[in-house]
Amino acid sequence: MPGTIRPRDAGELRQAVEWALSDRRTLDVRGGGSKLALGKPMQCDEVLDLSGISGVVDYAPEELVVTLRAGTPLQEIEALLAQRNQMLAFEPPDLGPLLGREAGQGTLAGAVMGNLAGPRRVSGGAARDHLLGFSGVNGRGEAFKSGGKVMKNVTGYDLSKLLAGSWGTLAVLDEVSVKVLPAPDQTSTLVLRGLSDEAAVRAMCAAMGSPHEVSGAAHLGDRTALRVEGVAPSVEARIEGLRELLAPIGAAMEDLGTLESRAFWREVRDVVPLEAGASDVVWKISCPPTEGPAVVSRIKVERRGAEAFYDWSGGLVWLALPASADADHVLVRAALGTTGGHATLIRAPEAVRAAVPVFQPLTPALAALAARVKESFDPQGLFNPGRMG
């Protein structure tokens, strides 16, 4: 069994990495541990537990910036922001329950390292777009910083974009600064009933292309949901505008108020519709919105029992498939065809994740580039070795 190293500050974190480097010990880097079952299984010598590096460093509500230590739980941050009627606009999801863990264990640094975003991704951007700066230690034992606490143009490498989505394989962070935004006064959701997947995607794309500032567009079963946020008069006017825009479709329509809307979009954000089938494998498929229904259709022809719902106006497909020895990875990726999309295996037993590509296989050119980046940041492969395959 690996031992556990639990540094309490940036200095102890650097010492831990230096020790691992000198003794050639690999590190399983984790914060709250909510996403341990995502990625290839790892065999590491030690666990580097960042939960002790926690707390708010600086919060400037008037500047819309918060700086936190890497192990700070997301739910603690969201509670702090709610006191000032502010929010993390990229809606980081809590995937813990989907992966068999308790809710509320995720950290902001973990969401950033996975570049995870919820339904507001279509209007507010991904996690990387809200990361202002950070500090940490690379696999050479060198402490470094990037960015700052304001949005500005920079020259040279944009390390925030590089580390977001690296799943802890390039460096370990001790502090992050992100921008926050005012929370909306009111939220309303227009729900259309009974549309096919293809008709739902057309409706969502029409809504997103309209001037009505839709902040969320999802299709689950027979429900197609369009979210509008802001001050009450504006929300009411934009919902009415959407009703008029989509009236020719002929679908039954209903409105969800603020409390119902928030509950509904939390479920979409956290992939709650697919939690129940604990034995199912779950895929996250990104593709052009108009291609999503065709991709799902090709999969359903081959696999009875497949279930899917759409987020990001159809550009994100959450897919559940009956358990199998290979998670149907060949079928899923073949269904993408020439769309330019990619598929990530989010939930599957450890033996399956060990046997198949969890993340979308890279082209030879991109694989060579990724190898050079890894060599630059972590030449000995200290951090999360093998997690990304």
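Scroll up for the structure.
Residues numbered from 1 in each chain as written. Predicted model: local features only at pLDDT ≥ 70, side-chain atom pairs only at ≥ 80, totals over all residues. Heavy atoms only, no water.

## Considerations on the environment of Ala 206
For clarity, the cut-off: Under the DSSP-based scheme used, a helix requires at least four consecutive residues in state H or I and a strand at least two consecutive residues in state E, with every element numbered from the N terminus. What makes two residues a contact is simply this: any of their non-hydrogen atoms within 4.5 Å.
Note on placement: Ala 206 falls in helix H6 (residues 197–208). Along the sequence, Ala 206 and Asp 328 sit 122 residues apart, while their C-alpha atoms lie 33 Å from each other. The contacts of Ala 206, once residues within four sequence positions are left out, are Leu 245 and Leu 246.

## Overview of the packing of aromatic side chains
Filter applied, for reference: Centre distance within 6.5 Å is the pairing criterion for rings of Phe, Tyr and Trp, where only the six-membered ring of Trp is used; planes under 30 degrees apart are then read as stacked, over 60 as edge-to-face, and the remainder as tilted. Burial status follows relative accessibility: with a 1.4 Å probe on protein chains alone, a residue under 20% of its type maximum counts as buried, one over 50% as exposed, and anything between as partly exposed. Charge-over-ring contacts are defined here by two conditions on Lys NZ or Arg CZ: a distance within 6 Å of the ring centre and an angle within 35 degrees of the ring normal.
Applying the stated criterion across every chain, the model contains 4 aromatic pairs. Ring geometry for Phe 264 and Trp 265: centres 5.1 Å apart, planes at 85°, overall edge-to-face. Taking relative accessible area as the criterion, Phe 264 reaches 8% and is therefore assigned buried. Taken together, Phe 134, Phe 144 and Phe 377 form an aromatic cluster joined through their ring pairs. The lysine or arginine in question, Arg 121, covers the ring of Trp 312, its NZ or CZ lying 5.6 Å from the ring centre.

## Considerations on the nonpolar core
Nonpolar side chains in soluble globular proteins tend to end up buried together. Note the threshold: To form a nonpolar core, buried Ala, Val, Leu, Ile, Met, Phe, Trp, Tyr and Cys residues must be joined to one another through side-chain atoms within 4.5 Å.
Of all hydrophobic cores here, the largest spans 65 residues; its most connected members are Leu 226, Trp 283, Ile 285 and Ile 299. Listed in part, the 27 residues of the second largest apolar core include Leu 68, Val 112, Val 178 and Val 180.

Honestly, it's all geometry; don't read function into it.
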